[in-house]
Amino acid sequence: FFFFSPCIIRDRKIRDEESGYNKNLFCIPKHYEEDLERVFIPHGLILDRTERLARDIMQDMGSHHIVALCVLKGGYKFFADLLDHIKALNQNGDKSVPITVDFVRIKSYCNDSPTEKISIGEELSTLNGKDVIETGRTMKALLSKLKDNKPKMVKVVSLLVKRTHQSSGYRPDYIGFEIPDKFVVGYALDYNEYFRDLNHICILKEKAKEKYRI
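Nothing here was measured: the structure is a model prediction, and the numbers come from that model.

**Concerning the overall build of the protein**
Helix and strand counts for the protein come out as four helices and 10 strands. Reading the protein from its N terminus to its C terminus gives the helix and strand order β-β-α-β-α-β-β-β-α-β-β-β-β-α. Put simply, the protein has 214 residues, and 48% of those count as buried. Carbon and sulfur atoms form 47% of the exposed surface of the protein, whose accessible area is close to 11,000 Å².

**Points about the sheet that holds strand 2 (residues 36-41)**
One key point about sheets: their strands pair by backbone hydrogen bonds, in either a parallel or an antiparallel sense. Pairing is antiparallel across the open sheet formed by three strands, whose spatial order is 2-10-9. One side of each edge strand has no neighbouring strand; the edge strands of this open sheet are strand 2 and strand 9 (184-185). Alignment of strand 9 against strand 10 (residues 201-204), held across two bridges, turns out to be antiparallel. From the neighbouring strand, valine 184 faces strand 10, where its bridge partner is isoleucine 203.

**Focus: the pattern of salt bridges**
The full count for this structure, using the stated rule, is 15 salt bridges. Residues aspartate 16 and arginine 163 are paired through a salt bridge, measuring 2.6 Å at the closest nitrogen-oxygen approach. On the basis of relative accessible area, aspartate 16 is assigned to the exposed category, the value being 52%. Connected through salt bridges with shared partners, the residues Asp16, Arg163, Arg171 and Glu178 form a single ionic network.

**Some thoughts on the confidence of the model for the protein**
Averaged over every residue, the pLDDT of the protein is 82; the share at 70 or more is 80%. Long-range and interchain partners of residues 5-11, a stretch whose pLDDT sits below 50, account for 17 contacts in this model, where long-range means more than four residues apart.

**A short note on the environment of cysteine 70**
Inspection of the secondary structure assignment puts cysteine 70 in strand 3 (residues 66-72). A sequence separation of 31 residues divides cysteine 70 from valine 101, and the C-alpha atoms of the two residues are 7.7 Å apart.

**Focus on the packing of aromatic side chains**
Aromatic ring pairs: the centre-centre distance and the angle between the two ring planes describe each pair. For the structure on display, the rule yields six aromatic pairs. For the pair phenylalanine 195 and tyrosine 212, a centre-to-centre distance of 5.2 Å together with 80° between the ring planes defines the contact as edge-to-face. One end of the pair, phenylalanine 195, is in the loop between strand 9 and strand 10; the other, tyrosine 212, is in the segment after helix 4 (206-211), and 17 residues separate them in sequence. Each of the two residues, phenylalanine 195 as well as tyrosine 212, counts as buried. Three or more aromatic residues joined by ring pairs form one cluster here, namely Tyr32, Tyr194, Phe195 and Tyr212.

**Thoughts on helix 1 (residues 43-61)**
In this model, helix 1 (19 residues) spans 27 Å end to end at C-alpha, consistent with the 27 Å of a helix rising 1.5 Å per residue. Turning to helix 1, its buried residues are His43, Ile46, Arg49, Thr50, Leu53, Ala54, Ile57, Met58 and Met61.

**A closer look at the nonpolar core**
One finds Ile41, Leu82, Leu159, Leu160, Ile179, Val184 and Ile201 to be the most contacted residues of the largest nonpolar core, which totals 29 residues. Breaking this core down by element, the ones donating at least two residues are strand 2, helix 1, strand 3, helix 2 (76-92), strand 7 (155-162), strand 8 (174-179) and strand 10. Membership of the second largest hydrophobic core comes to 13 residues, among which are Val39, Tyr191, Leu204 and Tyr212.

**A word on the pairing of strand 10**
As defined by bridge partners, strand 2 adjoins strand 10 across four bridges and the pair is classed as antiparallel. Pairing of isoleucine 41 across the sheet is with isoleucine 201, part of strand 10.

**Overview of unusual backbone geometry**
The omega angle of the peptide bond from leucine 72 to lysine 73 is 5°, so this bond is cis rather than trans. Here the phi dihedral of alanine 188 falls at roughly 80°; this positive angle occurs in a residue that is not glycine. Inspection of the secondary structure assignment puts alanine 188 in the loop between strand 9 and strand 10. Located in the positive-phi region is phenylalanine 195, a residue other than glycine, with phi close to 80°.

**Regarding the packing of helix 1 against helix 2**
Axis separation between helix 1 and helix 2 bottoms out at 9 Å; the angle between their running directions is 55°. One way to sum up the angle between helix 1 and helix 2 is to call them oblique. For the element pair helix 1 and helix 2, the recorded crossing hand is right-handed. Note on element contacts: helix 2 touches helix 1 through Phe78, Asp81, Leu82, His85, Ile86, Leu89 and Asn90, opposite Leu47, Thr50, Glu51, Leu53, Ala54, Arg55, Ile57 and Met58. Each residue belonging to the contact of helix 1 with helix 2 can be placed in one class, and the counts come to nine nonpolar, three polar and three charged.

Reading the values: rules and limits
Residues numbered from 1 in each chain as written. Predicted model: local features only at pLDDT ≥ 70, side-chain atom pairs only at ≥ 80, totals over all residues. Heavy atoms only, no water. Helix = DSSP H or I, 4+ residues; strand = E, 2+ residues; numbered from the N terminus. Buried < 20%, exposed > 50% of the residue type's maximum accessible area, 1.4 Å probe, protein only. Areas by Shrake-Rupley, 256 points an atom, 1.4 Å probe, with all protein chains shown as cover. Pairing = 2+ DSSP bridges. Salt bridge = Lys/Arg side-chain N within 4 Å of Asp/Glu carboxyl O. pLDDT = per-residue confidence, 0-100. Contact = heavy atoms within 4.5 Å. Phe/Tyr/Trp six-rings, centres within 6.5 Å; stacked < 30°, edge-to-face > 60°. Expected span 1.5 Å × (residues − 1). Core = buried A, V, L, I, M, F, W, Y, C linked by side-chain atoms within 4.5 Å. Axes fitted to C-alpha atoms, helices over the stretch in contact; angles between N-to-C directions. Parallel < 35°, antiparallel > 145°, perpendicular 65-115°, else oblique. Left-handed = near helix turned anticlockwise from the far one by under 90°. Nonpolar A, V, L, I, M, F, W, Y, C, P; charged D, E, K, R; others polar.

See the structure below:
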């Protein structure tokens, strides 16, 4: 069961001093050009890291049936790309495992801050694909609900884990990138539903937070 020079990345950890890439080096939708500070993690790097995560997952899972649960909405692109890589390994590798898919929607943010109340949809089934783990409260709440289904095992894969003093200490089983405590958007990560349509993970300007604040 799974929940799914400017920026020199020597391993999965991106250092605090890294500021990202000049956005003019990338294709950015015109309607967002004035809202973004820099590109923090380019799309190609995300896909390469996701492919490696898929290999690690397949190696660890053995012959177990995978029930893949996507955490919506921010996790949907990472989840889809991760499953595409897993399916490719299933088709072309020496072994394959059956995969079924389900979804759960969680709301834990308002503007750029975690909300006091975590809202989890009632439709739950059982790898767990998550977009960003910051404090860890959301994932702990979800894992607690999943225990009711009595899965044989639960593994969590998260594209991003933030280094923050607010962290509860929770760490997922698989991590795409460990990043500084920056508010990032793109690759389905949003700010009040905007910026999901960006391919790259980007740093948002402060004035853009005011522009789209609710």
